[in-house]
Amino acid sequence: MFNKDIGIDLGTANTLVYVRNKGIVINEPSVVAIDTITREVLAVGNDAKEMIGRTPGNIIAIRPMKDGAIADYAVTEAMLRYFISKAYPKNPFSSKPRIVICVPSGITPVEKRAVIEAATGAGAKERHIYIVEEPMAAALGANLKIEEPAGNMVVDIGGGTSEVAVISLGGIVASRSVRIAGDQFDSNIINYVRTEYKIDIGEITAETIKKTVGCAYLDINSDLREITVKGRDLITGLPKPLTINSRQVQSALEDSIDIIIDAIKRTLEDTPPELAADIMEIGIYLTGGGALLTDLDKLISKRTGMPVHVANDPLECVVNGAGKIIDDVDIVNKLASSDKKTLA
């Protein structure tokens, strides 16, 4: 394997880049700011996210990925080119590195092809691009023993999709992919505040609420946290403060979380009894940013009767799994898929 091989977690909310022998070198929002008149890319990643909701009319900050798939091909290509060139200031493609890109298991062949074309447009060679499903990469990044004849269940809750998979002997036995995840949680909070308080808040404020007081489960022993934010009064049009607590956010997120838990239950129903018994012993592992939602593990455990664990560094599990894939040719040949099928 070459020293410049790259693993990319091309996420709806964030893009992470792993470089062989260096580790994770990029972890930035999947946001691009462009001039709508000239179509010039003005900023990418952290700089672009700071512009969301704060730009003049001719500049827009957009997320080119939606629900785990490419929504804007040209902007995704520009974003990939930027992140890869930032990981390697000198042209990495001069030495023809292999690139492993992680995508949701539920994307269509057309959407998968769009990812490959965006990478080639960014300068990579198609024969060096390999697509791996996110649940498999997440399981590897969570250090699950997926090569063994035992059932391992991973639930990867990202920005655009939640991926549920049961893995055994290096293959996915049963899986579900639902386009409900962190971005939908933000939308739930925005809609709740608009409906209940007639106040309009933006994406960044909703994300702050989610991270600060968001929770999935409350009981008599839970701490009731609250946060005060500012929004725009829909009646007067003037700025107005709002105080919201964790019970209200739990109510706002309830329907979306129910959909994810239903996907987990349906995947378990499709799982052979022997592997289901393994999962009962080993537990379900949560990865992705959504795994950090307070007490989500408790709620899933209560609703499924299974032990549930939040993986170490859940935000980095997918890209770390991609890193293990590019570091180990045997793993690559088993898991990566492309026209050539292997990296050997």
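Here's what I pulled together on the structure shown here.

**Some thoughts on the overall build of the protein chain**
- Broken down by element type, the protein chain carries eleven helices and 18 strands.
- Computed over its C-alpha atoms, the radius of gyration of the protein chain comes to 21 Å, within 12% of the 20 Å expected for a compact globule of 344 residues.
- Residues classed as buried in the protein chain amount to 52% of the 344 residues present.
- Here the contacts in the protein chain between residues at least 6 apart in sequence split such that 62% fall between residues at least 24 apart.
- Here the protein chain holds 38 positive side-chain charges and 46 negative ones, and the gap between their average locations is 5 Å.

**Concerning the sheet that holds strand 5 (residues 41-44)**
- Overall, antiparallel pairing links the three strands, which are arranged 5-4-6 in an open sheet. Two strands bound the open sheet, and with one partner strand each, they are strand 5 and strand 6 (59-62). Ignoring strand direction, the axes of neighbouring strands in this sheet form an average angle of 20°.
- Judged from the four bridges that link them, strand 4 (residues 32-35) and strand 6 form a sheet pairing that is antiparallel. Each residue of the ladder has a partner; that of Ala 33, found in strand 6, is Ala 61.
- Across the sheet, helix 2 (residues 73-87) lies against strand 4, strand 5 and strand 6, angled at about 60° from strand 5, the strand it touches most.

**Points about unusual backbone geometry**
- Despite not being glycine, Asn 21 has its phi angle at roughly 75°, a positive value.
- Take Asn 21: it is sitting in the loop between strand 2 (14-19) and strand 3 (23-29).
- Phi is positive for Leu 169, which is not a glycine, with a value near 55°.
- Structurally, Leu 169 can be placed in the loop between strand 12 (162-168) and strand 13 (171-178).

**Examining the pairing of strand 11 (residues 152-157)**
- Along strand 11, six of the six residues are buried, which leaves the element largely enclosed by surrounding structure.
- Both faces of strand 11 are covered, namely the face carrying Asn 152, Val 154 and Asp 156 and the face carrying Met 153, Val 155 and Ile 157.
- Here six bridges tie strand 11 to strand 12, and the two strands are oriented antiparallel to one another. Residue pairing for strand 12: Asn 152 is matched across the bridge by Ile 167.

**What to know about the sheet that holds strand 13**
- Pairing within the open sheet is mixed, and its five strands lie in the order 13-12-11-17-18. Each edge of the open sheet is held by one strand with a lone partner, namely strand 13 and strand 18 (308-310). Each neighbouring strand pair of the sheet contributes to a mean axis angle of 20°, computed without reference to strand direction.
- In terms of strand pairing, strand 17 (residues 284-287) meets strand 18 through three bridges, oriented parallel. Across the sheet, Tyr 285 pairs through a bridge with His 309, a residue of strand 18.
- Taken strand by strand, helix 9 (residues 296-304) contacts strand 11, strand 17 and strand 18, and its axis lies near 150° from that of strand 17.

Reading the values: the criteria
- Residues numbered from 1 in each chain as written.
- Predicted model: local features only at pLDDT ≥ 70, side-chain atom pairs only at ≥ 80, totals over all residues.
- Heavy atoms only, no water.
- Helix = DSSP H or I, 4+ residues; strand = E, 2+ residues; numbered from the N terminus.
- Rg over C-alpha atoms; globule rule 2.2 N^0.38 Å.
- Buried < 20%, exposed > 50% of the residue type's maximum accessible area, 1.4 Å probe, protein only.
- Contact = heavy atoms within 4.5 Å.
- Lys, Arg positive; Asp, Glu negative; His and termini not counted.
- Charge placed at Lys NZ, Arg CZ, Asp CG, Glu CD.
- Pairing = 2+ DSSP bridges.
- Axes fitted to C-alpha atoms, helices over the stretch in contact; angles between N-to-C directions.

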